[in-house]
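Each chain, written out:
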Amino acid sequence: MTSPRPLPALDEDNRMFWTGGADGMLHIQRCDACQSFIHPPTGVCRHCLSDRVSDCPIEGRGTIESYTVNHQAWTPGMDVPFVIARIALSEVPGVILTSNVIGCDPGIVRIGQHVHVTFEENGEYHIPLFRLDADAT
C-alpha cells in the first residue's frame, strides 16, 4: 500500500503490541495468573479476570484461517487488490490476528497456508503484517 495506514491510538495496554516489533518479534499479552494469552491487548485476562498480565514475545508464525481479497481503495493512493486475513498463531493457541498478507499475488493466497510476521515501520509503530512461508507458494 502506498498510502499511509491509519494508526491506532497507543495506550498502556496495547503499546507493546504496536511498537514491540522493533525487535523482530510479535508481542502478545499473557496472563501471569492462568497463563492464557490475551488478544487484543486489554490489560485484563478474559479467562480469569486477573490484571497481572505481561508481554510475551513470539516469532509470529501462523496459518491462514480465512481471508478476503479487497478491491476497494478506501483512501486515496491505496494499492489494490490486497489480502485481509485471519491468522491463527501457532505459538499461542486460541489467538487469531486480523492482518494483511503481503509480498505475493493475492490470487495465490489460500486457507491453510503457513505465514510468518514481518513489520512495517512507521515512526514508533511496527505494524504486524504477514508473508507466505516459502513452502506455501
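Residues numbered from 1 in each chain as written. Predicted model: local features only at pLDDT ≥ 70, side-chain atom pairs only at ≥ 80, totals over all residues. Heavy atoms only, no water.

Participant: Could you give an account of the overall build of the protein, naming the residues involved and the relevant values?
Facilitator: Scanning the protein from N- to C-terminus turns up one helix and eight strands. The secondary structure elements of the protein, listed N-terminal to C-terminal, are α-β-β-β-β-β-β-β-β. If one aligns the C-alpha atoms of the protein with their principal axes, the spans along those axes are about 45 × 30 × 25 Å. Across the 137 residues that make up the protein, the buried fraction comes to 39%. When the accessible area of the protein is evaluated, it comes to approximately 7,400 Å², of which 53% is carbon and sulfur surface. (Helix = DSSP H or I, 4+ residues; strand = E, 2+ residues; numbered from the N terminus. Buried < 20%, exposed > 50% of the residue type's maximum accessible area, 1.4 Å probe, protein only. Areas by Shrake-Rupley, 256 points an atom, 1.4 Å probe, with all protein chains shown as cover.)

Participant: Before we move on, could you go through the nonpolar core and cite the residues and values that matter?
Facilitator: Counting 21 residues, the largest nonpolar core has Leu 26, Ile 64, Ile 87, Leu 89, Val 101 and Phe 130 as the members making the most contacts within it. Those elements that place two or more of their residues in this core are strand E1 (26-31), strand E3 (53-58), strand E5 (82-89), strand E6 (96-102), strand E7 (114-122) and strand E8 (125-132). With four residues, the top contributor of residues to this core is E5. (Core = buried A, V, L, I, M, F, W, Y, C linked by side-chain atoms within 4.5 Å.)

Participant: So what's going on with the sheet that holds E1? Which residues, and what values?
Facilitator: What the three strands build is an open sheet, ordered E2-E1-E3; its pairing is antiparallel. Edge positions in the sheet fall to strand E2 (37-38) and E3, since each of these pairs with one other strand and no more. Across two bridges, the pairing between E1 and E2 is antiparallel. Within E2, the residue paired with Arg 30 across the bridge is Phe 37. (Pairing = 2+ DSSP bridges.)

Participant: I'd like to hear about the pattern of salt bridges, residue by residue, with values.
Facilitator: This structure, assessed with the given rule, holds four salt bridges. The salt bridge involving Asp 133 is made with Arg 61; its shortest N-O contact spans 3.5 Å. One end of the pair, Asp 133, is in the segment after E8; the other, Arg 61, is in strand E4 (residues 61-70), and 72 residues separate them in sequence. Residue Arg 61 is classed as partly exposed on the basis of its relative accessible area of 39%. In this structure, Glu 65 engages Arg 86 in a salt bridge whose closest nitrogen and oxygen atoms are separated by 2.7 Å. Of this pair, Glu 65 sits in strand E4 while Arg 86 sits in strand E5; the two residues are 21 residues apart in sequence, bridging distant segments of the chain. Given the relative accessible area of 34%, Glu 65 is considered partly exposed. Assessed through its relative accessible area of 36%, Arg 86 is described here as partly exposed. A single network of salt bridges, built from pairs that share partners, joins Glu 59, Arg 61 and Asp 133. (Salt bridge = Lys/Arg side-chain N within 4 Å of Asp/Glu carboxyl O.)

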